[in-house]
Amino acid sequence: MQQVVNVQPPQFLPRKFKVYQHRQLDKIEALQHIPKEMLFEMKVVANVLPFRVNEYVFNELIDWDKVPNDPVFQLVFPQREMIDPSAYDRMADLMKQGGSTQEIFELAEQLRAEMNPHPAGQVEMNVPTIDGEPLRGMQHKYRETVLFFPSQGQYCHSYCTFCFRWAQFVGKSMRMNSNDAESLHNYLAAHDEVTDLLMTGGDPMVMRTKKLREYLEPLTESRFDHVQTVRIGSKSLTFWPYRFVTDPDAEELLALLEKLVKAGKHVSFMAHFNHPQEMGTEICHEAIRRLRATGVQIRCQAPLLNNLNNDPGAWAQMWQEQVRLGMVPYYMFIERDTGAKRYFEVPLYRTWEIFRDAYKQVSGLARTVRGPSMSAGPGKVEIQGVSEIHGEKVFVLRFIQARNPDWVQRPFFAKFDETATWLNDLKPAFGEEKFFWQDEYNSMQG
């Protein structure tokens, strides 16, 4: 008779969360070994774009022998080319002249305003209303999905240098957030077309479970039966997997998620992994195991980024590892037209080539991934390929999601442009004056 071996999961000791922000760059010991000029450049950029990193990230995830080319180093530490050269020079000159904290802050605000802080109509078009009053901290762009930005979750365990929501972290004037759980619940109850709630940020996983429960536990009531899916957007599996393992309320958090699952909700943890290097630690594997044990599904998404993961081999390896660990590859995004886009953007034709070359290396289980996709003003636009039709070289495009659901899955074509990096750079093919959706979208904007 074969003996059954009971394999116990590894034990992990609690770890103190220790975080560094832009005024503490000098206190990160590993940075003392890089050239002084590079450290100064980091300080300049960190006064414009948000910077925050914890010691787990720089001690466990970065190979310092490969700096500055290490992908996780590029993910969290600012680089000079992330801001426009003229913006860099203005901030660097002010710092060299001994500018005051207030002067540096005021200049930073000017420079940030030039970086398209809220792309794709987030503020102008996505904010819902009740009785004509806008609901702060919420967005309702697509019919089925409402986004909620809990005030307590508008920061992260570390910040990504490419973040398209960087404006959430640089001052109250640019931030979208709300701590009004009642308004959220009233809006959801009044809109039975909404099937999905996405808790986003920042990162909701920086919140204590006690507060998270106030937003999520009421969804088990019958008045929310139409809300079938609860999504949680988070990069905590990379930046602080201890949240699910040894943090004081880790068990309480897992119990909350399990309760939602047992109440019939599909709970989808939208994990942000940008490189396979992020999934290499045992504590990350244990956090994934614990999340999955609650019945939560983990879906993985990330943008394609120059200087970080613009390599099909890295993407194929990442998708394969995600499947091995029981997660679902979901999206390859195109870096949005905001923040440090100039440093990370990749031409659209090249994004499609990288996606295709990675896709063909993996089995069908990893081909759940979609993309490359632009989360643009009118909707999520997927590049399906580059083709030649009637002698004209074109991009073949379609909406995966759209402001008008009737636009979804309708193919449309744009002239091939090897310099284009975003939807706004493209022009209709075959002599057409506009894309089929443009008049209606313009009307929505108006």
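An unreviewed UniProt entry annotates the protein as Lysine 2,3-aminomutase originating from Aliidiomarina sedimenti. Under the Sequence similarities (unreviewed entry) heading, UniProt states for the protein: "Belongs to the radical SAM superfamily. KamA family."

Undergrad: What is the right way to read the environment of Met115 from this model?
TA: Within the secondary structure layout, Met115 lies in the loop between α5 (101-113) and β3 (129-130). Measuring from C-alpha to C-alpha, the distance between Met115 and Pro71 comes to 24 Å, with 44 residues separating the pair along the chain. Sequence-distant contacts of Met115, that is, excluding residues within four places in its chain, are made with Val48, Leu49, Met82, Ile83, Trp166, Thr338, Gly339 and Ala340.

Undergrad: Sorry if this is basic, but what is going on with the layout of surface pockets here?
TA: Empty space among the atoms becomes apparent when a probe as large as a water molecule is rolled across them. By volume, the second largest pocket amounts to about 470 Å³. Around the second largest pocket, the lining is made up of 20 residues, and of these His22, Arg23, Ala46, Asn47 and Arg112 lie nearest the centre. Of all the secondary-structure elements, those providing two or more residues to the lining of the second largest pocket are α1 (36-46) and α5. No other element matches the five residues that α5 contributes to the lining of the second largest pocket. Residues that form the lining of the second largest pocket fall into these classes: twelve nonpolar, four polar and four charged.

Undergrad: What's the story with the nonpolar core in this structure? I'm lost.
TA: Soluble globular proteins tend to bury their nonpolar side chains together. One finds Phe77, Leu197, Leu216, Leu237, Phe244 and Phe269 to be the most contacted residues of the largest nonpolar core, which totals 115 residues. The element best represented in this core is α1, accounting for seven residues. Aside from chain neighbours lying at most four places away, what touches Leu237 is Phe244, Phe269, Ala271, Phe273, Cys284, Ala287, Ile288, Leu291 and Ile298. Core analysis: the next-biggest nonpolar cluster, separate from the first, contains 21 residues, Trp352, Met374, Ala376 and Phe412 among them.

Undergrad: Sorry if this is basic, but what is going on with the packing of helix α4 (residues 85-96) against α5 here?
TA: Contact pair α4 / α5: the axes reach a minimum separation of 10 Å and the direction vectors enclose 175°. Comparing their axes, α5 and α4 come out roughly antiparallel. For the pair formed by α4 and α5, the contact residues are Ala87, Arg90, Met91, Leu94 and Met95 on the first element and Glu103, Ile104, Leu107, Ala108, Gln110 and Leu111 on the second. Of the residues assigned to the contact of α4 with α5, the class counts are eight nonpolar, one polar and two charged.

Undergrad: Is there a simple way to explain unusual backbone geometry in this structure?
TA: Glycine aside, negative phi is the norm for most residues, and most peptide bonds take the trans geometry. A cis amide bond, omega 10°, links Val67 with the succeeding residue Pro68. Of note, Pro68 is situated in the loop between α2 (55-61) and α3 (71-76). Following Gly371, the chain continues to Pro372 via a peptide bond in cis, the omega torsion being -10°. Relative to the helices and strands, Pro372 resides in strand β12 (residues 370-375). A positive phi angle, near 50°, is found at Asn116, a position not held by glycine. The residue Asn116 is located in the loop between α5 and β3 in this model. Of the residues examined, Asn116 reaches a relative accessible area of 31% and is grouped as partly exposed.

Undergrad: Looking at this structure, I do not really get the side chain of Ser236. What am I missing?
TA: Relative to the helices and strands, Ser236 resides in helix α8 (residues 236-239). Apart from the residues lying within four places of it in its own chain, the contact partners of Ser236 are His157, Asp203, Met205, Pro241, Phe244 and Phe269.

Undergrad: Sorry, what's going on with the side chain of Gln301 here?
TA: Along the chain, Gln301 falls in strand β10 (residues 297-304). With a relative accessible area of 15%, Gln301 lands in the buried category. One polar contact links Gln301 to His272, side chain to side chain, over a distance of 3.5 Å. Aside from chain neighbours lying at most four places away, what touches Gln301 is Met270, Ala271, His272, Phe273, Tyr330, Tyr331 and Phe333.

Undergrad: Teacher, can you tell me more about α5 here?
TA: For an α-helix, 3.6 residues make a turn, and residues three or four places apart therefore share a direction. Over its 13 residues, α5 runs 18 Å from end to end, which matches the ideal 18 Å to within 8%, given 1.5 Å per residue. Taken together, the buried positions of α5 are occupied by Ile104, Leu107, Ala108, Leu111 and Arg112. Looking straight down α5, one finds its buried side chains confined to an arc of 140°; they lie on one side. Where α5 is buried, its residues contact α4.

Thresholds, definitions, all that
Residues numbered from 1 in each chain as written. Predicted model: local features only at pLDDT ≥ 70, side-chain atom pairs only at ≥ 80, totals over all residues. Heavy atoms only, no water. UniProt positions renumbered as here; feature names shortened; annotations may be inferred. Helix = DSSP H or I, 4+ residues; strand = E, 2+ residues; numbered from the N terminus. Contact = heavy atoms within 4.5 Å. 1 Å grid on protein atoms, 1.4 Å probe; cavity = no way out; pocket = protein on both sides within 12 Å on 5 of 7 lines; lining within 4 Å. Points joined across faces, edges and corners; volume = space filled by probe spheres on them. Nonpolar A, V, L, I, M, F, W, Y, C, P; charged D, E, K, R; others polar. Core = buried A, V, L, I, M, F, W, Y, C linked by side-chain atoms within 4.5 Å. Buried < 20%, exposed > 50% of the residue type's maximum accessible area, 1.4 Å probe, protein only. Axes fitted to C-alpha atoms, helices over the stretch in contact; angles between N-to-C directions. Parallel < 35°, antiparallel > 145°, perpendicular 65-115°, else oblique. Polar contact = N/O pair within 3.5 Å; in protein donor to acceptor, adjacent residues only side chain to side chain. Expected span 1.5 Å × (residues − 1). Arc of directions from axis to C-beta.

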